[in-house]
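The lines below spell out each chain.
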There are 2 protein chains.
Amino acid sequence: MRLSDAIEQFIKTMLVEEAQEIELKRNELAEYFGCAPSQINYVLSTRFTPDHGYIIESRRGGGGCIRIFRMEQSSANQLLYMMNQRIGESIDEHSAGHLIVQLLERGYVTKDEARLMQSAISPQALSLPVTTEMKDALRAKILRSMLLEVARKDKNS
Amino acid sequence: MRLSDAIEQFIKTMLVEEAQEIELKRNELAEYFGCAPSQINYVLSTRFTPDHGYIIESRRGGGGCIRIFRMEQSSANQLLYMMNQRIGESIDEHSAGHLIVQLLERGYVTKDEARLMQSAISPQALSLPVTTEMKDALRAKILRSMLLEVARKDKNS
DNA sequence: CTTTCATTGGTCAAAGATGGTCTAACCATC
DNA sequence: GATGGTTAGACCATCTTTGACCAATGAAAG
C-alpha cells in the first residue's frame with residue numbers, strides 16, 4: 001500500500017475514533033511512518049483540503065502542532081449551498097470528484113448515484129474538441145444541475 | 001501463439017479465477033511476458049473495451065496500477081448495449097429523456113438516479129453558446145458515459 | 001527587554017515510480 | 001505486394017517521496 005494512503009487512513013481513523021478534531025505532531029507522525037516530515041504535508045494537501053471537507057490549522061515553534069477539523073454542516077442545504085458556491089462558473093475534474101465523494105461520505109447520495117455523477121463529468125463524457133477552460137465551465141454547469149437535483153431530493157425526504 | 005492473445009488469455013483467466021475485478025501492474029505484466037509495457041495497453045485497448053464487456057481504470061505514479069472490471073453478459077446489459085447503439089453519436093433532449101424513462105420503468109435505475117441523469121443532460125446543464133447539433137453530440141457522450149456506469153453497477157458494486 | 005537558539009512546521013524542486021500515447025517497423029493474410 | 005493487425009520504443013503525464021532550505025514560535029541567556 002502507498003505510504004500516503006496509509007497516513008491518510010491513519011488520520012481518518014483518528015478522526016472517527018477520537019473526535020471531529022484532532023491534533024498531531026508532524027515530526028512524530030513522520031517518525032512513526034519512517035518518512036520525511038514533508039510527506040505529512042503532502043498527504044494533508046492532497047487529501048485533507050476544504051474540497052475534501054477538512055480544515056487544517058497549524059502552529060510552528062516549540063509545542064507547535066497541526067490541527068485537523070472535519071467540517072460540520074448545520075444542514076444539508078448549507079452544504080449544498082456552499083458546494084454550489086465552490087463550483088462557481090468553472091471546476092476541474094479532480095475538484096469536482098472530491099465534492100462528489102463528500103456528498104457520498106455525508107450520505108446525501110448513494111454509491112451508485114455518486115458514480116453516475118462522476119461518469120457524467122468524466123473525461124469521456126466531456127471529450128470535446130474545446131479548451132480545458134470550456135470543459136471546466138461545462139463541468140460546472142452539469143455538476144450544478146445535478147447538485148440542484150440532490151438538493152431537491154433532500155427536501156422531499 | 002501471438003503475444004497479444006497470450007496476454008489476453010492470461011488476463012481473462014485471472015478474471016475468471018480471481019474475481020470480476022483484478023488489479024495489475026503494467027510493468028510487471030510486461031516483464032512477465034518479456035515485452036514492451038505499451039503492449040499491455042495495446043491488448044487492453046483492443047480486447048478489453050466496454051464493447052467487449054470490460055471497464056478499465058488506472059492510476060499513474062508510485063503505487064499506480066491498472067484495474068479491470070468484467071461486466072456480466074446479462075439480458076439487462078444486452079438492452080443497455082442496444083440503448084448505447086441507439087444513442088450513437090448524437091441524441092436530442094426528448095429522445096434522451098425517453099430513454100431514461102425506459103431505464104426507470106425497467107427497473108435498471110431508481111427514481112433518484114433517473115432524475116440525476118435527466119439533470120445532467122438538461123438544457124440548463126448544457127446551456128452553451130453552440131449549435132443544437134453540438135449539444136446533441138455532447139448529450140450523447142454524457143448519456144453514454146452514464147449508461148456504461150449503469151451497466152457496470154449491475155454486478156460490480 | 002533583546003538576543004539567541006532550539007524546536008517546530010512550511011515550501012519547493014528534484015528524483016523516483018508508474019501508466020499513457022504515438023508512431024514506425026514488423027508481420028501475417030489475402 | 002497491399003492491407004491491417006502487432007510490437008517495440010521514444011517521449012509524455014501524473015502521482016509519490018525525499019531533502020535542502022525557509023519561517024515562526026517560545027524559552028533561555030544576556
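Note that the coordinates shown come from a computational prediction; the quantities given were computed from them, not determined experimentally. Numbering of residues starts from 1 in each chain and follows the order in which that chain's sequence is written. Note on labels: chains are lettered from A, ligands numbered from 1, in written order. For a predicted model such as this one, the threshold for reporting local features is a pLDDT of at least 70, and the threshold for listing and counting side-chain atom pairs is 80 or more; totals across whole chains, interfaces and linings nevertheless cover every residue. Values shown for side chains rest on all heavy atoms present in the structure; no hydrogens or waters enter the calculation.

Draft legend 1. Structural detail: the interface of chain A and chain B. Listed per partner, the contact involves 25 residues of chain A and 29 residues of chain B. Across the chain A/chain B interface, buried area totals approximately 2,300 Å², and carbon plus sulfur atoms make up 60% of it. Accessible area that two parts lose when put together, evaluated with a 1.4 Å probe and summed over both, is termed the buried area. Taken as a group, Arg2, Arg115 and Leu116 of chain A account for 26% of the area that chain A buries against chain B, more than any other trio of residues on that side. By definition here, a salt bridge exists when the distance from a side-chain nitrogen of Lys or Arg to a carboxyl oxygen of Asp or Glu is within 4 Å. The interface formed by chain A and chain B includes 1 salt bridge. Between Lys153 of chain A and Asp112 of chain B there is a salt bridge whose closest N-O contact spans 4.0 Å. Strands here mean DSSP runs of E at least two residues long; helices mean DSSP runs of H or I at least four residues long; both are numbered from the N terminus. Within the residue set of the side of chain A that touches chain B, elements represented by two or more residues are α6 (111-120) and α7 (132-155) of chain A. Top element by residues in the side of chain A that touches chain B is α7 of chain A. It accounts for 9 residues. Of the residues contributing to the side of chain A that touches chain B, the split by class is 10 nonpolar, 6 polar and 9 charged. Here a residue-residue contact requires only that any non-hydrogen atoms of the pair lie within 4.5 Å. Under this grouping Gly is polar, as are all residues other than the nonpolar Ala, Val, Leu, Ile, Met, Phe, Trp, Tyr, Cys and Pro and the charged Asp, Glu, Lys and Arg.

Draft legend 2. Up close: the protein's contact with DNA strand D. Whether a residue is near a molecule or strand depends on its heavy atoms: it is near if one of them lies within 4 Å of it. Around DNA strand D, a shell composed of 27 residues is seen, among which Ser4 and Tyr42 of chain A together with Ser4, Tyr42 and Arg59 of chain B lie nearest. Take the atoms of DNA strand D that sit within 4 Å of the protein: sugar and phosphate atoms are 61% of them. Between a phosphate oxygen of DNA strand D and a side-chain N or O atom of Gln39 of chain A, the distance comes to 3.0 Å. One of the side-chain N or O atoms of Arg60 of chain B is found 3.0 Å from a base nitrogen in DNA strand D. Those elements that place two or more of their residues in the surface near DNA strand D are α1 (3-17) and α3 (37-47) of chain A together with α1 (3-17) and α3 (37-47) of chain B. Of the residues contributing to the surface near DNA strand D, the split by class is 8 nonpolar, 11 polar and 8 charged. Here a polar contact is recorded for every N or O atom pair within 3.5 Å, except that within protein the pair must consist of a potential hydrogen donor and a potential acceptor, and residues adjacent in sequence are included only if both atoms are side-chain atoms.

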